[in-house]
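Report on the structure
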Amino acid sequence: MNEFGHGPAWANSLFEDNAEFGFGMNLAQEARRSQLADMMADLLDQNIPAELKEALKLWIDNLNDAEVTKTAAATIRGLLPAAIEQTSGDLQEVLKAILANADILVKKSIWIIGGDGWAYDIGYGGLDHVLASGADVNVLVLDTEVYSNTGGQASKATPTGAVAKFASSGKRTRKKDLGMMAMSYGYVYVATVAMGANRNQLMKAMIEAESYDGPSLIIAYAPCINHGIDMSLSVEESKQAVECGYWNLYRFDPRREAEGANPFVLDSKEPDYDKFQAYLKSQVRYSRLARQFPEHAEELYAQAEADVKRRYNGYKRLAEV
Ligand SMILES: Cc1ncc(C[n+]2csc(CCOP(=O)(O)OP(=O)(O)O)c2C)c(N)n1
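Residues numbered from 1 in each chain as written. Predicted model: local features only at pLDDT ≥ 70, side-chain atom pairs only at ≥ 80, totals over all residues. Heavy atoms only, no water.

**Topic: the site of the ligand**
Inclusion rule: Nearness of a residue to a molecule or strand requires only that one of the residue's heavy atoms be within 4 Å of it. We call two N or O atoms a polar contact when they sit within 3.5 Å, provided that within protein one can donate a hydrogen and the other can accept it, with sequence-adjacent residues counted only if both atoms are side-chain atoms. The way it works is a 1 Å grid over only the protein atoms, where trapped points that fit a 1.4 Å probe form a cavity and open points with protein on both sides within 12 Å along at least five of seven lines form a pocket, and then any residue with an atom within 4 Å of a point lines it. What decides whether a molecule sits in a cavity or pocket is whether more than half of its atoms lie within 2 Å of the grid points. Going along the chain from the N terminus, every DSSP run of H or I of four or more residues is numbered as a helix, and every run of E of two or more is numbered as a strand. Here the nonpolar group is Ala, Val, Leu, Ile, Met, Phe, Trp, Tyr, Cys and Pro; Asp, Glu, Lys and Arg are the charged ones; every other residue, Gly included, is treated as polar.
Taken together, the neighbourhood of the ligand is formed by Phe 15, Glu 16, Gly 115, Asp 116, Gly 117, Trp 118, Thr 144, Val 146, Tyr 147, Ser 148, Asn 149 and Thr 150. In this structure, Trp 118 approaches the ligand through a main-chain N or O atom, which is 2.9 Å from an oxygen atom. A distance of 3.2 Å is found between an oxygen atom of the ligand and a side-chain nitrogen or oxygen belonging to Thr 144. With respect to the pocket detection grid, the ligand is positioned in the largest pocket. Considering every element that reaches the shell around the ligand, the biggest residue donor is helix 5 (residues 116–122), with 3 residues. Residue composition of the shell around the ligand, by class: 4 nonpolar, 6 polar and 2 charged.

Here is the structure:
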């Protein structure tokens, strides 16, 4: 919070309602702000100071632009008290109502944050619906590849070969590609990030997601105690994950397509697959498989490598179009 008492506000939803909850927050903001815009529009042909009129018009014309509404809001806040003093009756009431709603003058940035168990599995129906709606919300998925809070159950984000609850002899099926599913809409901003691998790319993705006037989905690789790693090295873990191809970095921005460019940018370099098997075996969730089920461990490890190669090659083709 800053010295004016302004800062982020947050609330907890039910696990399964996360996307819908954030969508509702956005809906409430949009409804209030559209009412405010109507009130302001009515004032444009009234007898109010020209400077205030100009700021109101700037606000109405740039309703969903965070930076412009910030500038316009400062001017409006500054000019309203004097304008209220100088007016009376209905006109004064409208000006007072605008001042009373000053908390929604600046465009809010709405973020829906949750894990893979929510995003890929239990909350997927809601997430899909919210992304498809076109609403201007941002979603950040912290992908630990298991349900961490309840002790490490497998989710659809768990990759082939990882040992998790409900996949105690290694998961037999591939990791779901949530990003690809969201990209298929064409109007959803999608990025995959890994803080330890590339902070710059992470910042770019967050800024692009925030400024995109539509739904955005960022999927972040999140090293977790459930992986059986030394958590003091979690930043290094995510760097290695990208280097060996376990995790890839990309940004899909529908605005680029509108400009005639390829919306898909692959940010991670060609992986060094020679490091892939060592990366898997450095984590207990994978190394346990070789100890407990040696008869099929190598086959699943090979499958896991084939999966990541197929995925990366698919992204490469997308980037080259
Ligand atoms: C509908 C519903 N089902 C199950 C639970 C129990 N539950 C609470 S947290 C959690 C795991 C969440 O996993 P994930 O979304 O991957 O987040 P993480 O814990 O990994 O951050 C589960 C299953 C719940 N709260 N509500």
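Still more to cover.
**Describing the packing of helix 1 (residues 18–43) against helix 4 (residues 89–100)**
Helix packing geometry: the angle between the two helix axes and the distance between the axes. For clarity, the threshold we go by: As a rule, the C-alpha atoms of each element are fitted with a line to give its axis, helices using only the stretch in contact, and angles between N-to-C directions run from 0 to 180 degrees. Left-handed describes a crossing whose near helix is turned anticlockwise from the far helix through less than a right angle; right-handed describes the clockwise counterpart. In this description, contact between two residues means that some pair of their heavy atoms is separated by no more than 4.5 Å.
Between helix 1 and helix 4, whose axes approach to 10 Å, the crossing angle comes to 145 degrees. As for how helix 1 packs across helix 4, the hand of that crossing is left-handed. Taken together, the residues of helix 4 that come into contact with helix 1 (itself represented by Leu 36, Met 39, Met 40 and Leu 43) are Leu 91, Val 94, Leu 95, Ala 97 and Ile 98.

**With respect to the layout of surface pockets**
Going by this rule: Grid points are joined across faces, edges and corners, and a volume is the space filled by probe spheres set on the points.
Its boundaries defined by the atoms lining it, the largest pocket holds a volume of some 1,600 Å³. Of all the secondary structure elements, the ones that give two or more residues to the lining of the largest pocket are helix 1, helix 3 (66–86), strand 1 (111–115), helix 5 and strand 3 (146–147). Class assignment of the residues belonging to the lining of the largest pocket gives a composition of 21 nonpolar, 16 polar and 9 charged. Here the second largest pocket defines a volume of roughly 390 Å³. Taken together, 25 residues line the second largest pocket, and the ones lying closest to its centre are Lys 175, Lys 176, Asp 177, Arg 311 and Tyr 315. Only helix 7 (178–183) and helix 13 (294–320) provide two or more residues apiece to the lining of the second largest pocket. Per-element tally for the lining of the second largest pocket: the top contributor is helix 13, with 7 residues.

**Regarding helix 8 (residues 199–211)**
So the rule is basically this: Given the number of residues in a helix, its expected span is that number minus one, multiplied by 1.5 Å. Here's how the labels work: a residue is buried when its accessible area is under 20% of the maximum for its type, exposed when over 50%, partly exposed in between, all with a 1.4 Å probe on protein chains only. The arc under discussion is defined with respect to the helix axis, by the directions toward the C-beta atoms.
The terminal C-alpha atoms of helix 8 lie 18 Å apart, and with 13 residues this matches the ideal 18 Å at 1.5 Å per residue to within 8%. Along helix 8, the residues classified as buried are Gln 201, Leu 202, Ala 205, Glu 208 and Ala 209. Buried residues of helix 8, seen end-on, are gathered within an arc of 135 degrees and therefore sit on one face of the element. Exposed residues lying more than 90 degrees from the buried face of helix 8 are Arg 199, Asn 200 and Ile 207. Considering only its buried residues, helix 8 is in contact with strand 1, strand 2 (138–143), strand 5 (189–193), strand 6 (216–221), strand 7 (250–252) and helix 10 (254–258). The N-capping residue of helix 8, defined by a side-chain oxygen 3.3 Å from the backbone nitrogen of Asn 200, is Asn 198.

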